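# Inside the fold
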Amino acid sequence: MKVNSEIVTFIRDIREKHPRIGKEKIKKFLDEYCDKRRIRTISPSTIGKIIKRYDLTFNPSKLNYHNPQGGWATRKVNYKSKVRHSPKSIEPGYIEIDTIEKFVQGIKRYILNAIDISGKFQFSYAFRTSSSRNTVAFFKKLESVYPCETGIKVSLNNLTPIDFLLKSYSVS
């Protein structure tokens, strides 16, 4: 592959100024340059080959994970500051809620589960659809059968779960 040395120096100058510019964009600038100098233009694939052959890849100023000299990959992580497990609640009222999708005889059902970790209480109810109305209905049923006198605790603005859901979804 024989290429004019003026083209190689032009590509080198552009890549030094703009290290992330690709061969397609270089092609547009190179066509203008070649028209002014009356030089035969080259294709974008040839520009890519020139970039590889003459190693015209320059390090950008930003940090790169795959660059071992950049410091990003060799950064030390303080493992003591990470939380390994969620905090366990001693008092009743702390409930974890999850939804499970099950196929029963070819029909999809959404099962909402509520588990009180400290009291070992569990309540499940199945619905046909996963909607906010069904979630509110689930909370109403949960509050009616929940054995704890203090009720369910929510840390959002001191609202009960029903009040929070009614305000969030404006369901009455």
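The text that follows walks through the structure, step by step, so that each part is easy to find. (Residues numbered from 1 in each chain as written. Predicted model: local features only at pLDDT ≥ 70, side-chain atom pairs only at ≥ 80, totals over all residues. Heavy atoms only, no water.)

## Some thoughts on the packing of helix H1 (residues 5-17) against helix H3 (residues 44-53)
Angle between the axes and distance between the axes are the two parameters that describe a pair of packed helices. Rule in force here: Orientation is described by lines fitted to C-alpha atoms, with helices fitted over the stretch in contact, and by angles between N-to-C directions that extend from 0 to 180 degrees. Here a helix means four or more residues in a row that DSSP labels H or I, a strand means two or more in a row labelled E, and each is numbered from the N terminus. When describing relative orientation, an angle under 35 degrees is termed roughly parallel and one over 145 degrees roughly antiparallel, while 65 to 115 degrees is termed roughly perpendicular and anything else oblique. We call two residues contacting when some pair of their heavy atoms lies within 4.5 Å. Side-chain classes follow a simple rule in which Ala, Val, Leu, Ile, Met, Phe, Trp, Tyr, Cys and Pro form the nonpolar group, Asp, Glu, Lys and Arg form the charged group, and the remainder, Gly included, forms the polar group.
The contact between H1 and H3 brings their axes to 11 Å, and the two run at 75 degrees. Considered as vectors, H1 and H3 are oriented roughly perpendicular to each other. The residues of H3 that touch H1, namely those facing Val8, Ile11 and Arg15, are Ile47, Ile50 and Ile51. When the residues that make up the contact of H1 with H3 are grouped by side-chain class, the tally is 5 nonpolar, no polar and 1 charged.

## Side note on the environment of Ile14
Quick note on the threshold: Remark: exposure states derive from per-residue accessible area (1.4 Å probe, protein chains only) relative to the maximum for the residue type, with buried under 20%, exposed over 50%, and partly exposed in between.
Mapped onto the elements, Ile14 comes out in helix H1. Of the residues examined, Ile14 reaches a relative accessible area of 12% and is grouped as buried. Every residue in contact with Ile14, bar those within four places of it in the chain, is listed here: Ile21, Ile26 and Phe29.

## Considering the environment of Ser43
Where we set the bar: Two N or O atoms form a polar contact when they lie within 3.5 Å of each other; inside protein one atom must be a possible hydrogen donor and the other a possible acceptor, and for residues adjacent in sequence the pair counts only when both atoms belong to side chains.
Within the secondary structure, Ser43 sits in the loop between helix H2 (23-37) and H3. Along the primary structure Ser43 and Glu24 are separated by 19 residues, whereas in three dimensions their C-alpha atoms are 9.0 Å apart. Separated by 2.9 Å, the side chains of Ser43 and Thr46 make a polar contact.

## Considerations on the packing of H1 against H2
Stated precisely, the cut-off is as follows: We call a crossing left-handed when the near helix sits turned anticlockwise from the far one by less than a right angle, and right-handed when that turn is clockwise.
Direction vectors running N to C along H1 and H2 enclose 140 degrees, while the axes themselves pass 11 Å from each other. Here H2 runs oblique to H1, going by the angle between their axes. Taken as a pair, H1 and H2 cross one another with a handedness that is right-handed. Note on element contacts: H2 touches H1 through Ile26, Phe29, Leu30, Tyr33, Cys34 and Arg37, opposite Glu6, Ile7, Phe10, Ile11, Ile14 and Arg15. Among the residues forming the contact of H1 with H2, the class breakdown is 9 nonpolar, no polar and 3 charged.

## A closer look at the pattern of salt bridges
Note the cut-off: For this document, the term salt bridge refers to a Lys or Arg side-chain nitrogen within 4 Å of an Asp or Glu carboxyl oxygen.
Tallied over the entire structure, the rule returns 3 salt bridges. Notably, a salt bridge pairs Glu6 with Arg37, separated by 3.9 Å at the nearest N-O pair. Remark: Arg37 occurs in helix H2 and Glu6 occurs in helix H1; sequence separation between them is 31 residues. Note that Lys108 and Glu101 form a salt bridge whose closest N and O atoms lie 3.7 Å from each other.

## Some remarks on the nonpolar core
Our working definition: Throughout, nonpolar core names a set of buried Ala, Val, Leu, Ile, Met, Phe, Trp, Tyr and Cys residues whose side chains join them through atoms within 4.5 Å.
If you look at the biggest cluster of nonpolar residues, it comprises 16 residues, and the most contacted ones within it are Ile7, Ile11, Ile26, Leu30, Ile42 and Ile47. Secondary-structure elements contributing two or more residues to this core are H1, H2 and H3. Of the residues forming this core, the biggest block, 5 residues, is contributed by H1. What Ile47 contacts, discounting residues up to four positions off in sequence, is Ile11, Lys23, Ile26, Lys27, Leu30 and Ile42. Grouped together as the second largest cluster of nonpolar side chains are 11 residues, Leu112, Phe138, Phe139 and Tyr146 included.

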